[in-house]
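Residue-level listing of the chains:
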Amino acid sequence: MLDEIDNNTWILEPEWPTRSSVMRRIAFGRSASVQIDLDPYHPRALPEYKLMGPDHVINPIRQNIISQLAFWDLEISLLDNLQGLFGTEFAKKPPGGKDSLVHTLGFAISHKLVPLRGLKC
């Protein structure tokens with residue numbers, strides 16, 4: 001069940017997800033995510049969730065949750081249920097994953113700092 005989520009979404013946390021971890025933080029895109037906590041005794045049940053991101057991104061998702069909550073179906077996959085509930089597909093892991101984004105950011109920061117090396121404080 002979690003394998004489908006791990007293989008088809010961009011998992012932000014935990015960095016190295018295992019089957020024993022029932023928590024996942026999944027990216028909607030670059031600016032929003034959701035943390036889900038599954039009930040290990042009822043893994044197909046509606047999980048606890050926490051939406052994270054700016055209001056202009058999260059509010060439409062909240063509205064969709066209100067209208068779609070009654071359609072949660074224990075017979076379909078957790079991923080399909082979550083995407084229906086939130087009204088959006090989850091982001092796919094970017095090529096190179098987090099490391100490529102950290103590397104790009106790190107390069108940009110170090111590039112900006114290079115001219116400052118000769119300054120004395």
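For the structure, check the block above.
Just so it is clear, the structure is predicted and the values come from calculations on it, not from any experiment.

Remarks on the overall build of the protein
1) Next: Helix and strand counts for the protein come out as 4 helices and 4 strands.
2) Next: Listed by position from the N terminus, the elements making up the protein come as α-β-β-β-β-α-α-α.
3) Next: The burial tally for the protein puts 27% of its 121 residues in the buried class.
4) Next: Across the protein, contacts joining residues at least 24 apart in sequence account for 38% of those joining residues at least 6 apart.

Things to note about unusual backbone geometry
1) Next: Here the amide bond leading from E13 into P14 is cis, since omega sits at -5 degrees, within 30 degrees of zero.
2) Next: Tracing the chain through its elements places P14 in the loop between strand 1 (11–13) and strand 2 (23–27).

Here we look at the packing of helix 2 (residues 55–68) against helix 3 (residues 78–86)
1) Next: Contact pair helix 2 / helix 3: the axes reach a minimum separation of 6 Å and the direction vectors enclose 110 degrees. Between helix 2 and helix 3, the crossing angle belongs to the class labelled roughly perpendicular. Residue-level contacts link I61, N64, I65 and Q68 of helix 2 to G84, L85 and F86 of helix 3.
2) Next: Here the contact of helix 2 with helix 3 is built from residues that sort into 4 nonpolar, 3 polar and no charged.

What counts and what doesn't
Within each chain, residues carry numbers counting from 1 in the order of the written sequence. Thresholds applied to this predicted model are a pLDDT of at least 70 for local features of residues and 80 or more for the giving and counting of side-chain atom pairs; totals over whole chains, interfaces and linings are not thresholded and use all residues. In computing side-chain properties, one takes all heavy atoms of the structure into account and sets aside hydrogens as well as water. Each helix is a run of DSSP H or I of at least 4 residues and each strand a run of E of at least 2, with the numbering of both proceeding from the N terminus. Only protein chains enter the accessibility calculation, which uses a 1.4 Å probe. A residue is then buried if its area is under 20% of the maximum for its type, exposed if over 50%, and partly exposed in between. Whether two residues are in contact is decided by their heavy atoms, any of which lying within 4.5 Å being enough. In this analysis, axes come from line fits to C-alpha atoms, helices being fitted only over the stretch in contact, and the angle between any two N-to-C directions falls in the range 0 to 180 degrees. Angle categories are assigned with fixed cut-offs, so that under 35 degrees is roughly parallel, over 145 is roughly antiparallel, 65 to 115 is roughly perpendicular, and the rest are oblique. Gly falls in the polar group here, along with every residue not listed as nonpolar (Ala, Val, Leu, Ile, Met, Phe, Trp, Tyr, Cys, Pro) or charged (Asp, Glu, Lys, Arg).

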